[in-house]
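Understanding the architecture of this molecule
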Amino acid sequence: MNKKNLRILVVEDHPFQLRAIQCLLESYGFSQITLTDSAAGAMQKMLGVSHPFDILLCDQCLPDLSGLDLIKMASDLNLISHAILLSSLTPIELDELAKEANTLKIPLLGCLQKPLKQLELRNLLTFAYL
């Protein structure tokens, strides 16, 4: 899939982080970016489209649901193809989340620690459109 056609849903409850992620994705050439600040808003957006999002880029610590739970729900309902989890948790805690996602058979491309490292995000996104 061409990255210009990749449909990305970003879920982040901090407005500055949400805007920063959007700018970063746009700088990589992605143009089909949908933004929301909550799990409820994400579900509404995912249920309101005819095709699954290619990537759900999601904060782990949302006010209304954990990011991993949102990803699991979206995956179970076939609303996403892949996901990337973002968090300020420690690398050890992120590894535990990745293991849990693997056990639950969640299509997680990876977990990234915030603040985001541009190269790490770009590398994970590359797997989605190759």
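Anyway, here's the lowdown on the structure attached to this text. All of these numbers come straight from a predicted model, not from anything done at the bench.

**A look at the overall build of the protein chain**
Check the secondary structure of the protein chain and you find 5 helices and 5 strands. Its helices and strands in sequence order give the protein chain the pattern β-α-β-α-β-α-β-α-β-α, from N to C terminus. Relative to the compact-globule value of 14 Å for 130 residues, the protein chain shows a C-alpha radius of gyration of 13 Å, a close match. Once the C-alpha set of the protein chain is aligned to its principal axes, its extents read approximately 35 × 30 × 30 Å. Per-residue burial over the protein chain gives 45% buried out of 130 residues. Across the protein chain, every contact between residues at least 6 apart in sequence was considered, and the portion connecting residues at least 24 apart equals 73%. Carbon and sulfur atoms make up 55% of the accessible area of the protein chain, which amounts to about 6800 Å² in all. Side-chain charges in the protein chain split into 11 positive and 14 negative, and the spacing between the mean points of these groups amounts to 9 Å.

**As for helix 2 (residues 39-47)**
Given 3.6 residues per helical turn, the α-helix brings residues three or four places apart onto the same face. Here helix 2 has its buried residues at Ala39, Gly41, Ala42, Met43 and Met46. On its buried side, helix 2 packs onto strand 1 (7-11), strand 2 (32-36), strand 3 (53-59), helix 3 (67-76) and strand 4 (80-87).

**Comments concerning the environment of alanine 101**
Position of alanine 101 among the secondary structure elements: in helix 4 (residues 91-103). Overall, the relative accessible area of 1% leaves alanine 101 in the buried class. Here alanine 101 is in contact with Leu68, Ile106 and Leu108, once residues within four sequence places are set aside.

Conventions and cut-offs
Residues numbered from 1 in each chain as written. Predicted model: local features only at pLDDT ≥ 70, side-chain atom pairs only at ≥ 80, totals over all residues. Heavy atoms only, no water. Helix = DSSP H or I, 4+ residues; strand = E, 2+ residues; numbered from the N terminus. Rg over C-alpha atoms; globule rule 2.2 N^0.38 Å. Buried < 20%, exposed > 50% of the residue type's maximum accessible area, 1.4 Å probe, protein only. Contact = heavy atoms within 4.5 Å. Areas by Shrake-Rupley, 256 points an atom, 1.4 Å probe, with all protein chains shown as cover. Lys, Arg positive; Asp, Glu negative; His and termini not counted. Charge placed at Lys NZ, Arg CZ, Asp CG, Glu CD.

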